[in-house]
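# Chains, contacts and geometry: an overview
Below, each chain spelled out in residue letters.
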Amino acid sequence: MSTSKQIILTSLLLFAGIACADSNIDTTKEDTITEDGAASQVALTAALESSSPTVPTSPVEEETVKQIQAKYSSAETCTKIERKLGSVYPKDCEIGGLEISGVSVKGTPILVKEYPPVSSRKPLGRVLLVGGIHGDEYSSVSIVFAWMRKLNQFHSGMFHWKVVPLMNPDGLLRNKAQRMNDNGVDLNRNFPTPNWETESQKYWVERTKSNPRRYPGPTPLSEPESQWLAKLIKEFKPDAIVAVHAPYGILDFDGPRTAPKRLGHLHLNLLGTYPGSLGNYAGVQNKIPVVTIELPYAGIMPTREQVSSIWVDMVGWLKKNMHTIPQEASQGGSVESRVDATS
Ligand SMILES: [Zn+2]
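Because the structure is a prediction, the values reported are computed rather than measured. (Residues numbered from 1 in each chain as written. Predicted model: local features only at pLDDT ≥ 70, side-chain atom pairs only at ≥ 80, totals over all residues.)

## So, the overall build of the protein chain
Short version of the rule: For the purposes of this entry, the term helix denotes a DSSP run of H or I that reaches at least four residues, the term strand denotes a run of E that reaches at least two, and both are numbered from the N terminus. The burial criterion counts other C-beta atoms lying within 10 Å of a residue's C-beta, which is placed from the backbone; the residue is buried at 20 or more, exposed at 12 or fewer, and partly exposed between these limits.
Counting its regular elements, the protein chain contains 12 helices and 9 strands. When the 343 residues of the protein chain are sorted by exposure, 46% land in the buried category.

Here is the structure:
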């Protein structure tokens, strides 16, 4: 990287730090700020709960992933997340199943947990669930861990899940969490949408006034994290994608199928599409329905009831909207039906 680029980047990061400073209620463990009552309730109850055309497939990148896998354990990375976030617990890491699948700018593993099909039934479809695209949206990571607790207990094979609790580990795991990755790039503006070179720069300069928190990067898929997710989408071929963000307190939707009107206490409010966003890339361009969940607060978890009701409504919407027709009628006895209602 040239010196001038480094200076620009450093400036961007400094600005970003200032921009973040007053916009987040920090609930990280490192800062020892406790969460509100609702989040504490979640903690207590949780303790009781047991075809993208331009995706690069670089051999160098694959080699790096192998090196990182050899160097780190997924449990170690999970523990770093657990130490940072008040609503993620040691048990979430001890249960295992998170695997290193990608690598960030700084070489931090990106973890994925797969809930594969079970032998007794054909899944209705493949679902990709992604949290923490923006590193300072803590609740978007914590809620994915909360939902993984449900899947750990109740996965019934209704769907084939791949769950990414934290796509932007460098953004979260630094001393002062930031929206962007370690290159100062907003990963949710870095996906290859049409006319990216002109549209994303224009949007960034004119609409965001060159806000460093919205910097789309120098080229589409310039970042290892966005490259990795695009590759995962290409290989996994999800029938639906659920991406979790905060703090707008609404649902957004891109792509085919009928959008959910509400999930739990969150109501549909279409925000429009942005150049380089995941919704634009996967939903509009690649015709994969993308549900974007915007939680109301970046630093405060929804109540336990809200966490559950969003999940139940989401699963209900997925059941109605998966294109795969089940080949065997559900033999759903009462136990299976009960499980389905909560998984
Ligand atoms: Zn976000």
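## Remarks on the sheet that holds strand β2 (residues 109-115)
Condition: Two strands qualify as a pair provided that DSSP identifies no fewer than 2 bridges between them. Only the contacting stretch of a helix is used when fitting its axis, a line to C-alpha atoms as for every element, and angles between N-to-C directions run 0 to 180 degrees. A pair of residues counts as a contact when their C-beta atoms, built from backbone coordinates, are within 7 Å of each other.
As summarised here, the arrangement of the 7 strands in space is β1-β2-β4-β3-β5-β9-β6, forming an open sheet in which the pairing is mixed. On the outer flanks of this sheet lie β1 (98-103) and β6 (250-254), each paired with one strand and no other. Strand-to-strand twist across the sheet, computed as the mean angle between neighbouring axes with direction ignored, equals 20°. Here 5 bridges tie strand β3 (residues 126-130) to strand β4 (residues 160-164), and the two strands are oriented parallel to one another. Among the inter-strand pairings, Leu129 is bridged to a residue of β4, identified as Val163. In the packing of helix α4 (residues 74-84) onto the sheet, the strands contacted are β1 and β2, and the crossing angle to β2 comes to about 105°.

## A few points about the nonpolar core
Counted only if it meets this: Residues of type Ala, Val, Leu, Ile, Met, Phe, Trp, Tyr and Cys that are buried and joined through C-beta atoms within 7 Å form what is called a nonpolar core.
The biggest cluster of nonpolar side chains holds 74 residues, and the ones touching the most others in it are Leu129, Val130, Val144, Ile241, Val242 and Ile293. If sequence neighbours within four positions are ignored, Leu129 has contacts with Val144, Trp161, Val163, Val164 and Val242.

## Some details on unusual backbone geometry
With an omega dihedral of 15°, the bond running from Ala246 to Pro247 counts as a cis peptide bond. Among the structural elements, Pro247 can be located in the loop between β5 (240-245) and β6. Backbone geometry places Leu221, a non-glycine residue, at a positive phi of 55°. Note on Leu221: 23 C-beta atoms within 10 Å, which makes it buried.

## Quick notes on the pairing of β2
Counting buried residues in β2 gives 6 out of 7 residues, a clear majority hidden from the surface. Pairing analysis gives 5 bridges linking β1 to β2, with the strands arranged antiparallel. Note on β2: the bridge partner recorded for Leu98 is Lys113. Hairpin connection from β1 to β2: 5 residues lie between these consecutive antiparallel strands, with Gly107 at a positive phi of about 85°. For β2 and β4, the ladder comprises 3 bridges, and the chain directions are antiparallel. When the bridges of β4 are listed, Lys113 appears paired with Val163.

## Topic: helix α6 (residues 138-154)
Spelled out, the test is: The length a helix should cover is 1.5 Å for every residue beyond the first.
When the terminal C-alpha atoms of α6 are compared, their 25 Å separation across 17 residues agrees well with the 24 Å that a helix rising 1.5 Å per residue should span. Turning to α6, its buried residues are Tyr138, Ser139, Ser140, Val141, Ser142, Ile143, Val144, Phe145, Ala146, Trp147 and Met148.

## As for helix α11 (residues 304-321)
Here is the rule we go by: Note that the arc is computed from the directions linking the helix axis to the C-beta atoms.
Taking 1.5 Å of rise per residue, the 18 residues of α11 would be expected to cover 26 Å, and the 26 Å separating its terminal C-alpha atoms lies within 8% of that figure. Residues Val307, Ile310, Met314, Val315, Trp317 and Leu318 constitute the buried set of α11. Along α11, the residues classed as buried sweep out an arc of 160° about the axis, all on the same side.

## Let's talk about the environment of Ala243
Along the polypeptide, Ala243 turns up in strand β5. Separated by 79 residues in sequence, Ala243 and Val164 have C-alpha atoms that sit 9.5 Å apart. In this structure Ala243 touches Val130, Ile133, Leu278, Val290 and Thr292, once residues within four positions along its chain are discounted.

## Overview of the confidence of the model for the protein chain
What counts is decided by this rule: Residue-level confidence of the predictor is summarised by pLDDT, bounded by 0 at the bottom and 100 at the top.
Of the residues in the protein chain, 76% reach a pLDDT of 70 or more, and the chain-wide mean stands at 82. Contacts for the low-pLDDT stretch residues 1-26, under 50 throughout, to residues beyond four places or in other chains number 30 contacts. Here residues 324-343 scores under 50 on pLDDT; set against residues more than four positions off or in separate chains, the count is 25 contacts.

## Considerations on the environment of Ser104
Among the secondary structure elements, Ser104 is positioned in the loop between β1 and β2. On the basis of neighbour count, Ser104 is assigned to the buried category, with 24 C-beta atoms found within 10 Å. In this structure the C-alpha to C-alpha distance between Ser104 and Pro169, which are 65 residues apart in sequence, comes to 7.0 Å. Residues contacting Ser104, with those up to four places away along its chain left out, are Ile110, Pro169, Asp170, Asn181, Asp182, Pro224 and Glu225.

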